[in-house]
Amino acid sequence: MAVEVLEQLYEGKAKKVFKTSDDSLYMVEYKDDATAFNGEKRGTIEGKGVINNKVSAMLFQELEKHGIETHLVEFVDDTHMLVKRVEIVPLEVICRNVIAGSLAKRVGKEEGIVLPKTILEFSYKNDDLGDPMINRYHATALGLATDEEIDDIIAQAFKINDILKEVFAKANLVLVDFKLEFGRTPDGKIILADEISPDTCRLWDKDTHEKLDKDRFRRDLGDVEEAYIEVYNRLKKIGL
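Note that the coordinates shown come from a computational prediction; the quantities given were computed from them, not determined experimentally. (Residues numbered from 1 in each chain as written. Predicted model: local features only at pLDDT ≥ 70, side-chain atom pairs only at ≥ 80, totals over all residues. Heavy atoms only, no water.)

With respect to the state of the cysteines
Okay, step 1: Counted under the stated rule, the structure contains 0 disulfides.
Okay, step 2: The closest cysteine sulfur to the non-disulfide-bonded Cys95 is located on Cys201, 9.9 Å from its own sulfur.
Okay, step 3: With relative accessibility at 5%, the residue Cys201 sits in the buried group. (Disulfide = S-S within 2.5 Å. Buried < 20%, exposed > 50% of the residue type's maximum accessible area, 1.4 Å probe, protein only.)

See below:
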């Protein structure tokens with residue numbers, strides 16, 4: 001799809017967003033910049049932008065096949081994706097299938113315990129405040145989303161979790177937890193936006209529990225680039 005890229009609208013930790021000559025479309029550019037702990041740790045993961053763009057496109061396309069509408073319009077090139085113009089709902093939606101990361105610290109449990117049911121959490125998407133955890137009552141009272149939108153987001157998140165757990169299982173990966181963001185289309189529809197990648201998912205090898213995600217950067221485990229590439233190659237191998 002031929003569109004002209006115009007001025008930059010936004011630059012975040014991992015992506016830049018540009019206006020285009022089509023008012024209904026934005027161009028997203030994925031970066032190699034890496035951050036952790038709400039921006040306290042910063043660095044670069046070489047080739048991260050390429051992998052995250054490709055993995056996100058693959059997973060968005062797979063989710064579309066299962067009836068989940070996403071903002072993806074077209075995979076443009078290694079670091080660029082054409083997307084629908086949406087207003088991002090300022091909520092980070094976290095689905096947790098296995099105890100890990102901040103949840104392990106909060107509840108005093110060891111990492112690796114498989115949860116009998118998925119935990120869904122909300123964080124207020126605000127870097128200045130450190131993305132604090134909130135619940136649906138905060139979200140609606142603060143005007144971040146309506147009750148109907150929250151219900152829609154929850155239903156979509158659980159469905160996405162079920163689909164992605166199965167996809168990653170085929171690639172011999174455990175989907176430990178992951179973050180989602182949603183956006184409003186100009187007509188008010190809630191659709192999946194942002195990205196789904198080793199940056200936003202905790203992914204462990206099913207047999208060894210080797211971490212193949214951004215925790216390798218967070219925890220200085222090394223071989224970060226190799227882990228991201230491994231995830232991409234496994235997804236390609238299963239036909240995504």
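Now that the structure has been shown, we can carry on.
Focus on the environment of Ala100
Okay, step 1: Inspection of the secondary structure puts Ala100 in the loop between strand E9 (91-98) and helix H2 (101-107).
Okay, step 2: When its relative accessible area of 0% is taken as the criterion, Ala100 is described as buried.
Okay, step 3: Along the backbone, Ala100 and His66 are 34 residues apart, and their C-alpha atoms lie at a distance of 28 Å.
Okay, step 4: Beyond its immediate sequence surroundings of up to four residues, Ala100 is in contact with Glu111, Val176, Asp177, Arg202 and Trp204. (Helix = DSSP H or I, 4+ residues; strand = E, 2+ residues; numbered from the N terminus. Contact = heavy atoms within 4.5 Å.)

Re the sheet that holds strand E6 (residues 72-77)
Okay, step 1: Pairing within the open sheet is antiparallel, and its 5 strands lie in the order E1-E2-E3-E7-E6. Two strands lie at the open edges of the sheet, namely strand E1 (5-11) and E6, each paired on one side alone. For this sheet the average axis-to-axis angle between neighbouring strands, irrespective of direction, equals 30°.
Okay, step 2: Note: strand E3 (residues 25-30) against strand E7 (residues 80-84), 5 bridges, orientation antiparallel. If you follow Glu29 over to E7, its bridge partner there is His80. (Pairing = 2+ DSSP bridges. Axes fitted to C-alpha atoms, helices over the stretch in contact; angles between N-to-C directions.)

Focus on the pairing of strand E12 (residues 173-184)
Okay, step 1: Buried residues dominate E12, accounting for 11 of its 12 residues.
Okay, step 2: Relative to E12, strand E8 (residues 87-88) runs antiparallel, the two being bridged by 2 bridges. Bridge pairing links Glu87 to Arg184 in E12.
Okay, step 3: Inspection of the sheet shows E9 paired to E12 by 4 bridges, in the antiparallel sense. Pairing of Ile94 across the sheet is with Lys179, part of E12.
Okay, step 4: Two elements, E12 and strand E14 (residues 201-205), share 5 bridges in a ladder whose sense is antiparallel.

As for the nonpolar core
Okay, step 1: Of all hydrophobic cores here, the largest spans 53 residues; its most connected members are Leu91, Ile160, Leu164, Leu180, Leu192, Ile196 and Leu235.
Okay, step 2: In terms of residue count, helix H4 (residues 147-170) provides more of this core than any other element does, 8 residues in total.
Okay, step 3: Ignoring sequence-local partners within four residues, the contact set of Leu164 consists of Leu59, Leu63, Leu175, Phe178 and Ile196. (Core = buried A, V, L, I, M, F, W, Y, C linked by side-chain atoms within 4.5 Å.)

Here we look at helix H6 (residues 224-237)
Okay, step 1: Between its first and last C-alpha atoms H6 spans 20 Å; for 14 residues at 1.5 Å apiece the expected length is 20 Å, and the two agree.
Okay, step 2: Where H6 is concerned, the buried positions are Val224, Ala227, Tyr228, Val231, Tyr232, Arg234 and Leu235. Viewed along the axis of H6, the buried residues span an arc of 160°, placing them on a single side of the element.
Okay, step 3: Contacts from the buried residues of H6 go to helix H1 (48-65), H4, E12, E14 and helix H5 (215-218).
Okay, step 4: One or two positions beyond H6, positive phi appears at Gly239, with a value near 95°. (Expected span 1.5 Å × (residues − 1). Arc of directions from axis to C-beta.)

Considering the environment of Pro186
Okay, step 1: Checked against the element boundaries, Pro186 lands in the loop between E12 and strand E13 (190-193).
Okay, step 2: Taking relative accessible area as the criterion, Pro186 reaches 64% and is therefore assigned exposed.

Some remarks on the pairing of E13
Okay, step 1: Going residue by residue along E13, you find Ile190 and Leu192 tucked away on one face and Ile191 and Ala193 tucked away on the opposite face as well.
Okay, step 2: Relative to E13, E12 runs antiparallel, the two being bridged by 4 bridges. Considered in E13, the bridge of Phe182 is made with Leu192.
Okay, step 3: With antiparallel pairing between neighbouring strands as the criterion, E12 and E13 make up a hairpin whose turn holds 5 residues, including Gly188 at a positive phi of roughly 90°.

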